Amino acid sequence: MDFSSNGKYLATCADDRTVRIWSTKDFLQREHRSMRANVELDHATLVRFSPDCRAFIVWLANGDTLRVFKMTKREDGGFTFTATPEDFPKKHKAPIINIGIADTGKFIMTASSDTTVLIWDLKGQVLSTINTNQMNNTYAVISPCSRFVGSCGFTPDVKVWEVCFGKKGEFQEVQRAFELKGHSASVHFFAFSNDSRRMASVSKDGTWKLWDTDVEYKKQQDPYLLRTGRFEEASTMPCRLALSPDTHVLALATGTSIHLFNTRRGEKEECFECVHGECIADLTFDITGRFLASCGDRAVRLFHNTPGHRAVVEEMQGLLKRASSESTRQRLQQQLAQAQEALKNLGALKK
């Protein structure tokens, strides 16, 4: 799954040789319409929107490569989907674990389960090959700010590189930026916050961690650990993670269950069990942070982010006590009322 950067669409891909584009404004309606793109003679295992939402890329299961689809808007409001004539060249030697397009539109990343992460230009030329030296990769992703690519694997750390471009937009090099060090076993998964200034990780050591990565790494400054929470399930099963855009909520998925944590207090707030008929394959918040989406069988499930609204209530109540000016108080009061109203409408207001 992937949400478009303008928040209007959700793309999903499945073994039925289709990619479906759903309109997020239908989420709370009874009917959910989707537009279908067919993947000829193959099926997609991963899908990612381009930053301008006029194209998307998929990873082909049998072709073992990237294919680009252009999205052309029709007069009736729908889209025509056209695959570009040439797929990317085959370069990976192991199964692929993730793909991504930088928000700047300057590069594409593909990562495989050996120790390889490739940085490509948009035409299919490899700009750089990263060897993560982590025995094997379990996950890799581009940061929302497009400066960084991170990876995790068998080793107990998350490694982050900077992808450097020149003043005229030409690619220069990939260099080591910083590492998240503190777990005592291999790291299953990690995520960047929307502004790339925070990161979250979950490890086989049975903990999740929230980090402040807004550091001057060029002066050898290391990220700060902000919070550690217990999550025993991660010590026995693979685990996926999603961080809400405001970093207030951490969603962790193991097997067919989803657990939601408040990152400020480190406490578990919600648990949804047997969400899908098969293991959860993907987990992501929409760009507003109001919804959490998960997939794992033939359906996508959407959840209201009630812990997110509760975190806003707590934060506003704390800020109100310290507010000095009347205009600040009014603004905080308004945000507090909105969050409380949202919880009330969802029947989730704690007495």
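Residues numbered from 1 in each chain as written. Predicted model: local features only at pLDDT ≥ 70, side-chain atom pairs only at ≥ 80, totals over all residues. Heavy atoms only, no water.

- The protein chain is annotated in an unreviewed UniProt entry as Transducin beta-like protein 2 of Cricetulus griseus.

Section: the overall build of the protein chain
Then step 1. Looking only at helices and strands, the protein chain features two helices and 27 strands.
Then step 2. Expected size for 351 residues packed as a compact globule is a radius of gyration near 20 Å; at 21 Å, the protein chain falls within 12% of this value.
Then step 3. Dimensions of the protein chain along its principal axes, counting C-alpha atoms only, are 60 × 55 × 45 Å.
Then step 4. For the protein chain, with 351 residues in total, the buried portion stands at 54%.
Then step 5. For the protein chain, the exposed area adds up to about 17600 Å²; of that, 47% sits on carbon and sulfur atoms.
Then step 6. The average position of the 47 basic charges and that of the 42 acidic charges among the side chains of the protein chain differ by 3 Å. (Helix = DSSP H or I, 4+ residues; strand = E, 2+ residues; numbered from the N terminus. Rg over C-alpha atoms; globule rule 2.2 N^0.38 Å. Buried < 20%, exposed > 50% of the residue type's maximum accessible area, 1.4 Å probe, protein only. Areas by Shrake-Rupley, 256 points an atom, 1.4 Å probe, with all protein chains shown as cover. Lys, Arg positive; Asp, Glu negative; His and termini not counted. Charge placed at Lys NZ, Arg CZ, Asp CG, Glu CD.)

Notes on the pattern of salt bridges
Pairs can form between side chains of opposite charge once their charged atoms are near each other.
Then step 1. Taken as a whole, this structure holds 17 salt bridges when the rule is applied.
Then step 2. Glu179 serves as the salt-bridge partner of Lys181, at 3.4 Å between the closest nitrogen and oxygen.
Then step 3. By relative accessible area, Glu179 is classed as buried at 18%.
Then step 4. For Glu269, the salt bridge identified is with Arg310, shortest N-O distance 2.9 Å. Remark: Arg310 occurs in helix 1 (residues 306-322) and Glu269 occurs in strand 24 (residues 267-272); sequence separation between them is 41 residues.
Then step 5. Taking the relative accessible area as the measure of exposure, Glu269 reaches 16% and is therefore buried.
Then step 6. Because the salt bridges share partners, they merge into one network encompassing Arg265, Glu267, Glu269, Glu270, Arg310 and Glu314. (Salt bridge = Lys/Arg side-chain N within 4 Å of Asp/Glu carboxyl O.)

A word on the UniProt feature "repeat: WD" (unreviewed entry) in the protein chain
Then step 1. The UniProt record marks residues 1-23, 89-123 and 180-212 with the feature "repeat: WD" (unreviewed entry), using the residue numbering of this structure.
Then step 2. The span residues 89-123 is 0% helix and 46% strand, and its two end C-alpha atoms sit 10 Å from each other.
Then step 3. Structurally, residues 180-212 comprises 0% helix and 61% strand, and the distance from its first C-alpha atom to its last is 10 Å. (UniProt positions renumbered as here; feature names shortened; annotations may be inferred.)

Description of the environment of Ser128
Then step 1. Mapped onto the elements of the fold, Ser128 is located in strand 12 (residues 126-131).
Then step 2. What makes Ser128 buried here is its relative accessible area of 16%.
Then step 3. Placed eleven residues apart in sequence, Ser128 and Val117 show a C-alpha to C-alpha distance of 8.5 Å.
Then step 4. Here Ser128 is in contact with Val117, Leu118, Ile119, Phe171 and Val174, once residues within four sequence places are set aside. (Contact = heavy atoms within 4.5 Å.)

A few points about the sheet that holds strand 9 (residues 96-101)
Then step 1. Sheet architecture is open: four strands sit in the order 9-10-11-12, paired in antiparallel fashion. Edge positions in the open sheet fall to strand 9 and strand 12, since each of these has one partner strand only. Ignoring which end each strand starts from, the neighbouring axes of this sheet average 15 degrees apart.
Then step 2. Here strand 11 (residues 116-120) pairs with strand 12 via five bridges, running antiparallel. Residue pairing for strand 12: Ile119 is matched across the bridge by Ser128. (Pairing = 2+ DSSP bridges. Axes fitted to C-alpha atoms, helices over the stretch in contact; angles between N-to-C directions.)

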